[in-house]
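Each chain, letter by letter, is given below.
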Amino acid sequence: MDRDARRMWYKLTNFMAACRHLTLLDGPLLSRYCQAWSYWKRAEEFLQRHGDTYPVKGPPGQGPLLLP
């Protein structure tokens, strides 16, 4: 897991353990959730910096295309 995924892992496992809702069966699902959350977070940060459209090279002699 990357750094953000580990942070979410510790946050969730500490909370779930304090509530007495953490079992050994939760590990694989929680690790997948934490990694997916981290991936989503990076994607959102990228979109905020660069936008959700960007120019792509068009055919020779034409300007860039804008794809949604």
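Right above here is the structure, for reference.
All of the points below concern the structure found in this document.

Reading the values: the criteria
- Residues numbered from 1 in each chain as written.
- Predicted model: local features only at pLDDT ≥ 70, side-chain atom pairs only at ≥ 80, totals over all residues.
- Heavy atoms only, no water.
- Helix = DSSP H or I, 4+ residues; strand = E, 2+ residues; numbered from the N terminus.
- Buried < 20%, exposed > 50% of the residue type's maximum accessible area, 1.4 Å probe, protein only.
- Contact = heavy atoms within 4.5 Å.
- Expected span 1.5 Å × (residues − 1).
- Polar contact = N/O pair within 3.5 Å; in protein donor to acceptor, adjacent residues only side chain to side chain.

Structural notes on the overall build of the protein
The helix and strand inventory of the protein stands at two helices and two strands. Overall, the protein shows an N-to-C arrangement of helices and strands of α-α-β-β. Put simply, the protein has 68 residues, and 12% of those count as buried. Here the analysis covers contacts within the protein between residues at least 6 apart in sequence; of these, 36% occur between residues at least 24 apart.

Observations concerning helix α2 (residues 26-50)
Look at α2: 36 Å from first C-alpha to last across 25 residues, which is about the 36 Å you get at 1.5 Å a residue. Leu30, Cys34 and Ser38 are the residues of α2 that are buried. Packed against the buried residues of α2 are α1 (3-18).

Things to note about the environment of Tyr39
Its location among the elements puts Tyr39 in helix α2. Along the chain, Tyr39 and Asp2 lie 37 residues apart, while their C-alpha atoms are 9.4 Å from each other.

Structural notes on the side chain of Thr13
Note that Thr13 resides in helix α1. Engagement of the side chain of Thr13 in a polar contact is seen with the backbone oxygen of Trp9, the distance being 2.8 Å. Within the local environment of Thr13, its side chain forms a polar contact with the backbone oxygen of Tyr10, the two atoms lying 3.4 Å apart. Filtering out sequence-adjacent residues up to four positions away, Thr13 remains in contact with Leu22 and Leu30.

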